[in-house]
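# Notes for the structure review
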Amino acid sequence: MLISSAGYKLLRYCADSRYVRNLGLEQRNLWVKGRSQRVTFNTQAHELTEARKETWLGEGSSPIQQQALRDLDRAFQNWWRRPDHFGRPTWRKAGQHEGFYIRDLSVRRLNRKWGQVYVPKCGWVKFRVTRKWSEIETASSARVTRDRAGRWFVSFTRPAPQMERRSTGTVVGLDMGVTHTAAMSDGQFLDMSELLSKGEKQRKRRLQRKLARQTKGSNRKSRTKLAIAKISTREKDRRKDWIEKTTIDLVRSYDLIVLEDLKIKNMTKSAKGTVESPGKNVRQKAGLNRSILAQSWGLFRKRLTDKATNATVPVEIITINPAYTSLRCSECGHTDKENRKSQAVFCCKACDYTGNADLNAAKNILAAEHAVSGRGGTSQAKPDRVKHSDPTKRQPARAA
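From a predicted model like this one, the values you see are computed outputs, not experimental measurements.

Criteria and cut-off values
Counting from 1, residues in each chain are numbered in the order their sequence is written. Per-residue local features of the predicted model are confined to residues with pLDDT of at least 70, and side-chain atom pairs are confined, for both listing and counting, to 80 or more; whole-chain, interface and lining totals are unaffected and use all residues. Note that the side-chain values use all heavy atoms of the structure and ignore hydrogens as well as water. Secondary structure counts use DSSP, requiring at least four H or I residues in a row for a helix and at least two E residues in a row for a strand, with both numbered from the N terminus. Type-normalised accessible area, obtained with a 1.4 Å probe on protein chains alone, sets the label of each residue: buried when under 20%, exposed when over 50%, and partly exposed for intermediate values. Method for areas: the Shrake-Rupley scheme with a 1.4 Å probe, in which residue coverage is limited to the protein chains shown. The sign given to each residue is positive for Lys and Arg and negative for Asp and Glu; His and the chain ends receive no count. Taken as the charge centre is NZ of Lys, CZ of Arg, CG of Asp or CD of Glu, depending on the residue. Residues forming no salt bridge and having over 30% relative accessible area are the ones grouped into patches, like charges within 9 Å of each other and nonpolar side chains (Val, Leu, Ile, Met, Phe, Trp, Tyr) within 5 Å. A side-chain nitrogen of Lys or Arg and a carboxyl oxygen of Asp or Glu constitute a salt bridge if their distance falls within 4 Å. In this analysis an axis means a line fitted to C-alpha atoms, helices contributing only their contacting stretch, and an angle means the value between N-to-C directions, from 0 to 180 degrees. Roughly parallel here means an angle under 35 degrees, roughly antiparallel means over 145, roughly perpendicular means 65 to 115, and every remaining angle is called oblique. The crossing is said to be left-handed when, going from far helix to near helix, the turn is anticlockwise and less than a right angle, and right-handed when the turn is clockwise. Contacts are residue-level and defined by heavy atoms, with any inter-residue pair within 4.5 Å sufficient. Side-chain classes are defined by residue name, with Ala, Val, Leu, Ile, Met, Phe, Trp, Tyr, Cys and Pro counting as nonpolar, Asp, Glu, Lys and Arg as charged, and the others, Gly among them, as polar. You can read pLDDT as the predictor saying how much it trusts each residue, on a scale of 0 to 100. When DSSP locates at least two bridges between a pair of strands, those strands are taken to pair.

Okay, the overall build of the chain next. A count of helical and extended segments in the chain gives ten helices and 15 strands. By principal-axis analysis of the C-alpha atoms, the chain measures approximately 80 × 55 × 55 Å. The buried share of the chain, reckoned over its 400 residues, is 40%. Accessible area of the chain: about 23,400 Å², with a carbon and sulfur share of 50%. Separation of charge centres in the chain, based on 81 positive and 39 negative side chains, amounts to 7 Å.

This paragraph deals with a nonpolar patch on the surface. A contiguous nonpolar patch, built from Y19, L23 and W56 and spanning about 290 Å² of accessible area, is present on the exposed surface. Among the secondary structure elements, Y19 is positioned in helix 1 (residues 5-30).

This next bit is on the packing of helix 2 (residues 41-54) against helix 3 (residues 62-81). Each pair of packed helices gets described by two things: the angle between the helix axes and the distance between those axes. Between helix 2 and helix 3, the shortest axis-to-axis distance is 10 Å and the interhelical angle comes to 155 degrees. In terms of their interaxial angle, helix 2 and helix 3 are classed as roughly antiparallel. Of the two possible hands of crossing, helix 2 and helix 3 adopt the one that is right-handed. In this structure, helix 2 uses F41, Q44, A45, L48, T49 and R52 to contact helix 3, whose residues at the interface are S62, Q65, Q66, L69, R70, L72 and D73. Of the residues contributing to the contact of helix 2 with helix 3, the split by class is five nonpolar, five polar and three charged.

In the predicted model, the chain carries a mean pLDDT of 86, and 91% of its residues have values of at least 70. When mean pLDDT is taken per element in the chain, helix 5 (residues 198-213) scores highest with 95 and strand 15 (residues 397-399) scores lowest with 49. Scored below 50 in pLDDT, residues 391-398 shows 30 contacts in the model against residues more than four places distant or in partner chains.

We now examine the packing of helix 1 against helix 3. At their nearest, the axes of helix 1 and helix 3 sit 8 Å apart, and the two run at 45 degrees to each other. Viewed along their axes, helix 1 and helix 3 adopt a mutual orientation that is oblique. Of the two elements, helix 1 crosses helix 3, and the hand of that crossing is right-handed. From helix 1, Y13, D16, S17, V20, R21, G24, L25 and R28 reach across to helix 3, where they touch I64, Q65, A68, L69, D71, L72, D73, A75, F76 and W80. For the contact of helix 1 with helix 3, the per-class residue count stands at ten nonpolar, three polar and five charged.

Attention now goes to a positive patch on the surface. On the surface, R203, R205, R206, R209, K210, R213, R220 and R223 cluster together to form a positively charged patch. Contributing elements (two or more residues each) for the positive patch: helix 5 and helix 6 (219-253). Among the elements that line the positive patch, the one with the most residues is helix 5, at six residues. You can see R205 is positioned in helix 5.

Inspection of every chain in the model, using the stated rule, returns 23 salt bridges. Among the salt bridges present, the one from R18 reaches E98, with a minimum N-O distance of 2.9 Å. One end of the pair, R18, is in helix 1; the other, E98, is in strand 1 (residues 98-102), and 80 residues separate them in sequence. The exposure class assigned to R18 is buried, which follows from its relative accessible area of 13%.

Our focus in this paragraph is the sheet that holds strand 2 (residues 107-109). Within a sheet, neighbouring strands are paired by backbone hydrogen bonds and run either parallel or antiparallel to one another. Strands sit in the order 2-3-4 across an open sheet of three strands; the sheet is antiparallel. The sheet is open, and its two edges are formed by strand 2 and strand 4 (123-128), each paired on a single side. With direction set aside, neighbouring strand axes in the sheet form an average angle of 30 degrees. Inspection of the sheet shows strand 3 (residues 114-119) paired to strand 4 by six bridges, in the antiparallel sense. Following the sheet pairing, G115 is matched in strand 4 by F127.

In C-alpha cells:
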C-alpha cells in the first residue's frame, strides 16, 4: 500500500505520541512512595523539553508530544477518582493505538464535502465532512487516528448534541443472548444481522490460515494482516451501525429500560484450566465466548446509556442482578433449573407455563425492577442505577 509524504509524517506523529506516553507511563510505574519528587505532568513536561534538545524527539511536534503526557495525566486522574469506571492506564502498541491529538485547532472549508485541518509541521490535511460544519469549526481540539485497515480519521471534540425525544410512558426489560441479540419483555426480538457474507467469511478463514504459515516480520505476512484487517473492519463497522440504530430506537420508544448487570469479562474466560486440573468442553466454551463477544453486549449497553442520558427527555437505565432470571417462571415465580428445557424452550414444572426462554427471562428482568420500586413482582434481584461519566464529554463529532 502506497503512503504519501503526509501519511509518513502522520505515522511519525503517531509513533512519537505513543513513545512519549509509554515513557511517561513507565516513569509513573517506577515511582515508589517516599521519594522526594513526585511524578506529575509538570515534571514530565519539563523533562520532555530537555529531551527534545538532545534527542530525535526534537524533530517532531512539541504540542503533540506534550498532549500525549497531558492525556496520560488525565487518564491517571480519572482512574484515581473513579476506579469503578476507569481502568489503570495501559501501554500503547504499534499497529493498534495509532493516533495523536491536535490541541490548537485550525480548520477551513474547501467545499460542501471536503475540509482541511492544520497539523503542526505537516500542513493542511484534507478530510471528508460528515457533520455540520458549524459543529466542526466550533470544536476545541481534534484527534487524528489510523485503524488497522489503514484508514485515517479525524474526530473533533465538542459537546454532543441532545437527541430529540418525547416521553412515551412505557417500560421494557432486555435479556441479552446469543441466539437473539436481545429479547424484549413485550415479546419482540432484536437480532443483529449477519456481519459478513459467506464469501467474506471463507476469505477471512483462508487468510488466517495463510497468516499462520508465513514468516514473522516478512512483507508477505504484513500484506496478509492488512487484508484480514480490512475484512474485520468491515465487520466492525456493520456491527457498530446496527448498535447505533437499535439503541436510538430503544431510547425513543421507552422511558425506562432494565438490563442485566452482566460480567462479560468473567463470562468469556477460557475453560482450558491448568496442567494439574484441565478444563472440560474447552472447544465448546471457546465457541460460546466468540459468540458472546461478537454480539458486543458491552458496547450496546454503553451506547444505550450515553443516548439515554443525553436525550431531551432522559431515559432511566437500570441494571439488575441476573441471578435466576432464566430459571424463574414469569407467571408463577417458581424457580427450578429443570424449568429450562433447552436454550429456547421454557416449561414451568409448577404451573406448566410454556414459552420462549429468552422472553421469559426478559419478563423476569422487568419484574425484578418492579419489585424494588414497589410496583409488584418478585424481589430476588436488586436493581442498581447505572453510574457513568458525562456523555457530552466523551462523544466527539466525527468527520472522516
